[in-house]
Amino acid sequence: MAPSTATTCRARADGRRSHLLLSVRTLIAITTAVAFFALPVHCQSEKRLSSIQQQQQQQQHQYYDSEELTSGGGGEVIKSKIRPDSYSQDPAQQYEKHLQHGKQSDTVGSASTVYGEQYSDGGALMQQDQPMLDEEAQESISSGSINNHRIPQYTRGGSPVPADVVEGKNVGNRAVGNNYHHGGNPSSATGGYAVDSAYGPHYSSQDLVQDQNYQLEFKYHDYDKMTKFLRTTSSRFPNLTALYSIGKSVQGRDLWVMVVSSSPYEHMIGKPDVKYVANMHGNEAVGRELMLHLIQYLVNSYSVDPYIRWLLDNTRIHVLPSMNPDGFEVAREGQCDGGQGRYNARGFDLNRNFPDYFKQNNKRGQPETDAVKEWTSKIQFVLSGGLHGGALVASYPFDNTPNSRFCISSPLCSVFQSYTSTPSLTPDDDVFKHLALTYSRNHPTMNQGVACKAGTPTFNNGITNGAAWYPLTGGMQDFNYVWYGCMEVTLELSCCKYPSTSELPKLWEENRLSLVKFLAEAHRGVHGFVMDEHGNPIEKASLKIKGRDVGFQTTKYGEFWRILLPGVYKLEIYGDGYIPKEMDFMVVEQHPTLLNVTLHTSKVLRENTISALSSTTITTTTTDARIKFPNSNRF
């Protein structure tokens, strides 16, 4: 008999409930199994997350701050960031002890006595007087809200923990788009240069058969041999070097630049760029060879010398061994004087071919100087050395003397009025003298100031103001300083411009210590970031140390540096569309001072003022008080 409709419906309902119950039970069982098997994975994930957070927290405190400095809590971390004070004041004797000691130990702590670092027994920096900052400066350093000493540590051989992950918009010490590109055309947007790829990452070992021991002979290298050495070095040390060209000479030779740093391809925010430029006079050949030996020395010493490791971990060193390769090709070994090879292939003196602040320079620009000018405009160099020959002295700006007629409308006129006769001193004369003395005092004979030969001048302590020696128009060191705020010193390395090959080993030994110690001076003074109220970097903010009327600007990441001697200073900051600001700070001997600046937009000020006064009948007109800065095209 057929079941009734009611019975059929009940049966169907009971079936659906049973099926639903079975589905629910099955789902619960599957969920339980998944949870059971996923638990170890989750636990491992939590452990990794905890480890990462702990690592980030540790990295945040790897820069010294005021509490660590005064309490001695920095230990090894402080050592890694501080500028070692010195090798020795007697380089002729003590430096050999350092070399022997470096073979036995690769730790910073064990080398502290060699370099004269001032650490307590526990490894912490001895207590030093700290800067007295205004409230906002102190808050920016202590709160961690912008960029401060707690930003992550520099890293080698890989990307660091992004600072914006650790502290919101913190950009300090983060790897960013590099200045160089592997092949192809440079990017105009990033202002980069194409990295030489002839000996790229996929080079053949056959290319290096005859250079297996990586030897660099003490002899002069023509353009082809110099290029081969640079490419070989770039291939053998890809984690420490990058080779690129900033342009070509009149005759089409590349103007090679080699970066030596633990981050050669990347710009690490907060890490200063420095440079050496040699052989701009083609017959002054010593600097050209010393730069090749310096490159070799730095890459070979990185793993065995704590000082060199510190320098390369915290500095990006750009070396242009030959600015005038055409002139070098026609110069002749053994010619101590004369002009054969001095000029470029068109007969121009490259050290008279730069824009000049004091006098109009009508000389037609040359490819070599145009390349250096563009290079200097793209990379904000903090410190520079120009290597020459024909004398034994460190010469510092100004090379030229003021021209009152040209200076009438300039804001620097009042500064230079008292310098109408030699010497021609800069507002940073104390810093330039210190930089020149750093080189001469670490040189065994330069500091004695002995004349090269009868009838040539003597130089007290081996240094001189350029204009006091002889004035010139269109010099490179004045251009670097006035246009871009880069402290450049001219280093005359040998009495003979092109000495015999047999003299090269001695010249290298005499200059090795000075070349290294000079670069380390980039870590003296003040550095920091200029940000807006939202923590975004302000590019091309104009800065000036009060009383020193040559200004400087921030990078696209808001970075700034200024070499200063110990003392109390006032920093004036101005950004287009922002309220100007002044901040007091102190510089000490042992480490650079970090100073972070927050600028507030004028629009925010006006809106806040209108909002605060909206309930009153007072009418207020808000105007922007602006600091008068020199022409930004010049500074």
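Residues numbered from 1 in each chain as written. Predicted model: local features only at pLDDT ≥ 70, side-chain atom pairs only at ≥ 80, totals over all residues. Heavy atoms only, no water.

## Re the pattern of salt bridges
On inspection of all chains with the given rule, the structure shows 25 salt bridges. For Glu217, the salt bridge is made with Lys219, and the minimal N-O distance between the two is 3.5 Å. Between Asp370 and Lys373 there is a salt bridge, with the nearest N and O atoms lying 3.3 Å from each other. One end of the pair, Asp370, and the other, Lys373, are both in helix 12 (residues 367-378), three residues apart, so they sit about a helical turn from each other. Look at Asp370 and you get partly exposed, because its relative accessible area is 35%. On the accessibility criterion, Lys373 (22% relative accessible area) is partly exposed. Each of Glu284, Arg342, Asp349 and Arg352 takes part in a single network of salt bridges with overlapping partners. (Salt bridge = Lys/Arg side-chain N within 4 Å of Asp/Glu carboxyl O. Helix = DSSP H or I, 4+ residues; strand = E, 2+ residues; numbered from the N terminus. Buried < 20%, exposed > 50% of the residue type's maximum accessible area, 1.4 Å probe, protein only.)

## Digging into the packing of helix 14 (residues 429-441) against helix 17 (residues 504-520)
Close contact between helix 14 and helix 17 brings their axes to 7 Å; oriented N to C, the two are set at 150 degrees. Considering their axes alone, helix 14 and helix 17 lie roughly antiparallel with respect to each other. Contacts from Leu435, Thr438 and Tyr439 in helix 14 reach Asn511, Ser514, Leu515, Lys517 and Phe518 in helix 17. Partitioning the contact of helix 14 with helix 17 into residue classes produces four nonpolar, three polar and one charged. (Axes fitted to C-alpha atoms, helices over the stretch in contact; angles between N-to-C directions. Parallel < 35°, antiparallel > 145°, perpendicular 65-115°, else oblique. Contact = heavy atoms within 4.5 Å. Nonpolar A, V, L, I, M, F, W, Y, C, P; charged D, E, K, R; others polar.)

## So, the nonpolar core
Ile246, Trp375 and Leu571 are the most contacted members of the largest nonpolar core, which has 116 residues in total. If you tally residues by element for this core, the top one is helix 9 (residues 286-301), at nine residues. Aside from chain neighbours lying at most four places away, what touches Trp375 is Tyr193, Tyr244, Ile246, Val257, Lys275, Val277, His318, Leu320 and Phe381. (Core = buried A, V, L, I, M, F, W, Y, C linked by side-chain atoms within 4.5 Å.)

## Examining helix 10 (residues 306-314)
Counting buried positions over the nine residues of helix 10 gives seven, a clear majority of the element. Residues of helix 10 that are buried include every one of Pro306, Tyr307, Ile308, Trp310, Leu311, Leu312 and Asn314, and no others. The distance from a side-chain oxygen at the start of helix 10 to the backbone nitrogen of Tyr307 is 2.9 Å, and the residue carrying that oxygen is Asp305. (Polar contact = N/O pair within 3.5 Å; in protein donor to acceptor, adjacent residues only side chain to side chain.)

## Description of the environment of Gly525
Mapping Gly525 onto the fold places it in the loop between helix 17 and strand 13 (526-532). Distance from Gly525 to Ile563, taken between C-alpha atoms, is 4.4 Å for residues 38 residues apart in sequence. With sequence-adjacent residues up to four places away left out, Gly525 is seen in contact with Arg562, Ile563, Leu564, Val587, Pro592 and Thr593.

## Describing the pairing of strand 10 (residues 391-396)
Burial analysis of strand 10 places six of its six residues in the buried class, which makes it a mostly covered element. Going residue by residue along strand 10, you find Ala391, Val393 and Ser395 tucked away on one face and Leu392, Ala394 and Tyr396 tucked away on the opposite face as well. In terms of strand pairing, strand 10 meets strand 12 (residues 487-494) through five bridges, oriented antiparallel. Paired with Ala394 across the bridge in strand 12 is Leu491. As judged from the three bridges shared by strand 10 and strand 11 (residues 463-465), these two strands associate in the parallel manner. Paired with Tyr396 across the two strands is Asn465, which belongs to strand 11. (Pairing = 2+ DSSP bridges.)

## A closer look at the packing of helix 12 against helix 16 (residues 476-484)
Between helix 12 and helix 16, the least distance of the axes is 11 Å, while the angle of their chain directions is 35 degrees. Once helix 12 is placed against helix 16, the crossing between them reads as right-handed. Residues Val372, Lys373, Thr376 and Ser377 of helix 12 pack against Met476, Phe479, Asn480 and Tyr484 of helix 16. When grouped by side-chain class, the residues that make up the contact of helix 12 with helix 16 number four nonpolar, three polar and one charged. (Left-handed = near helix turned anticlockwise from the far one by under 90°.)

## Focus on the sheet that holds strand 17 (residues 567-574)
The sheet built from four strands is open, its strands ordered 15-14-17-18 with antiparallel pairing. Across the chains shown, the open sheet's two edge strands, defined by having one partner strand only, are strand 15 (552-553) and strand 18 (581-587). As paired strands, strand 14 (residues 542-545) and strand 17 are joined by four bridges and run antiparallel to one another. By the bridge assignment, Ile545 is partnered in strand 17 with Leu571.

## A short note on the environment of Asp222
For Asp222, the location among the structural elements is in the loop between strand 3 (193-195) and helix 8 (223-236). Separated by 104 residues in the primary sequence, Asp222 and Asp326 place their C-alpha atoms 10.0 Å from one another. Apart from the residues within four sequence positions on either side, Asp222 is in contact with Arg288, Phe328 and Glu329. A distance of 2.9 Å separates a polar atom in the side chain of Asp222 from the backbone nitrogen of Lys225.

## As for unusual backbone geometry
That bond from Pro397 to Phe398 is cis: its omega, 0 degrees, falls within 30 degrees of zero. Looking at the element boundaries, Phe398 is found in the loop between strand 10 and helix 13 (413-416). Here the phi dihedral of Asn461 falls at roughly 65 degrees; this positive angle occurs in a residue that is not glycine. Position of Asn461 relative to the elements: it lies in the loop between helix 14 and strand 11. Asn461 gets classed as partly exposed once you look at its relative accessible area, which sits at 34%. For Lys540, which is not glycine, the phi dihedral falls at a positive 60 degrees.

## A word on helix 12
The first and last C-alpha atoms of helix 12 sit 17 Å apart over twelve residues, in line with the 16 Å expected at 1.5 Å per residue. Within helix 12, burial applies to Glu368, Thr369, Ala371, Val372, Trp375 and Thr376. Burial along helix 12 is one-sided: seen end-on, the buried residues are contained in an arc of 155 degrees. (Expected span 1.5 Å × (residues − 1). Arc of directions from axis to C-beta.)

## Topic: the packing of aromatic side chains
Ring pairs (aromatic) are described by centroid distance and by the angle formed between their planes. A complete count under the given rule lists 19 aromatic pairs for this structure. Both rings, one in Phe358 and one in Phe398, keep their centres 4.9 Å apart while their planes meet at 90 degrees; by these two values the pair is edge-to-face. Of the two residues, Phe358 sits in the loop between helix 11 (325-330) and helix 12 while Phe398 sits in the loop between strand 10 and helix 13, which places them 40 residues apart along the sequence. You can call Phe358 buried: its relative accessible area is 2%. With a relative accessible area of 1%, Phe398 lands in the buried category. With 5.0 Å between their ring centres and 85 degrees between their planes, Phe432 and Tyr481 make a pair best called edge-to-face. (Phe/Tyr/Trp six-rings, centres within 6.5 Å; stacked < 30°, edge-to-face > 60°.)

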